[in-house]
Amino acid sequence: MDIYDLDNDGSNEIIIEPEDHNTFYVLDHNGNFNWSGPATDNISSISFQDLYRDGTREVIVYSRDTTIPRGQISVFTRPVCYWDPVILPPPILTGPVAYLRLL
């Protein structure tokens, strides 16, 4: 578990890696789920850096397969979801799918 202010809002986020070792979760400072990211193999380490110099720190994950000597570095940025009524039709809230645009 790590505690870090990823989005520079003055409140720390909580980054946890459960026992499955191939997904991490980001919670807000109250412990509510914010977002998550999958890794291809077992997560060995997680670090944080503002790679794009936009004021938001990316989550950098090093994962490796435990059966062969190789590893992978993955970079995650918090996904942003917003409603754009000009581009998208009104959401269909009665069905299983709502229209959203992901950045």
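Keep in mind the model is a prediction, meaning the values are calculated, not measured.

J.: Would you take a moment to explain the confidence of the model for the chain for this structure?
T.: As a general rule, the predicted coordinates of low-pLDDT regions are not to be interpreted in detail. Across the chain, pLDDT averages 75, with 75% of residues at or above 70. By mean pLDDT, the top-scoring element of the chain is strand β2 (residues 13-16) (90), and the lowest-scoring one is strand β9 (residues 101-102) (40). Here residues 81-103 is a poorly scored stretch, pLDDT under 50, and it has 26 contacts once near neighbours within four places are set aside; other chains count.

J.: Can you walk me through the sheet that holds strand β7 (residues 71-76) in this structure?
T.: Hydrogen bonds between backbone groups are what pair the strands of a sheet, and the pairing can be parallel or antiparallel. One open sheet holds the 3 strands; their spatial order is β5-β6-β7, and the pairing between them is antiparallel. Every interior strand has two partners, whereas the edge strands, β5 (42-49) and β7, have only one. Taken over all neighbouring pairs, the strand axes of this sheet differ in orientation by 20° on average, direction set aside. By the bridge criterion, 6 bridges tie strand β6 (residues 58-64) to β7 in an arrangement that is antiparallel.

J.: Sorry if this is basic, but what is going on with the side chain of D28 here?
T.: Secondary-structure assignment places D28 in the loop between β3 (23-27) and β4 (33-38). Since its relative accessible area comes to 16%, D28 is described here as buried. In contact with D28, other than residues within four places in its own chain, are N12, I14 and N34.

J.: Got a minute to help me understand the pairing of β3 in this structure?
T.: Note on strand geometry: in a regular strand, side chains alternate between the two faces of the sheet. β3 sits mainly inside the fold: 4 of its 5 residues count as buried. Sheet analysis places β3 next to β4, joined by 5 bridges and oriented antiparallel. Paired with T23 across the strands is P38, a residue of β4. The loop that links β3 with its antiparallel partner β4 comprises 5 residues; one of these, G31, has a positive phi angle of about 90°.

About the cut-offs
Residues numbered from 1 in each chain as written. Predicted model: local features only at pLDDT ≥ 70, side-chain atom pairs only at ≥ 80, totals over all residues. Heavy atoms only, no water. pLDDT = per-residue confidence, 0-100. Helix = DSSP H or I, 4+ residues; strand = E, 2+ residues; numbered from the N terminus. Contact = heavy atoms within 4.5 Å. Pairing = 2+ DSSP bridges. Axes fitted to C-alpha atoms, helices over the stretch in contact; angles between N-to-C directions. Buried < 20%, exposed > 50% of the residue type's maximum accessible area, 1.4 Å probe, protein only.

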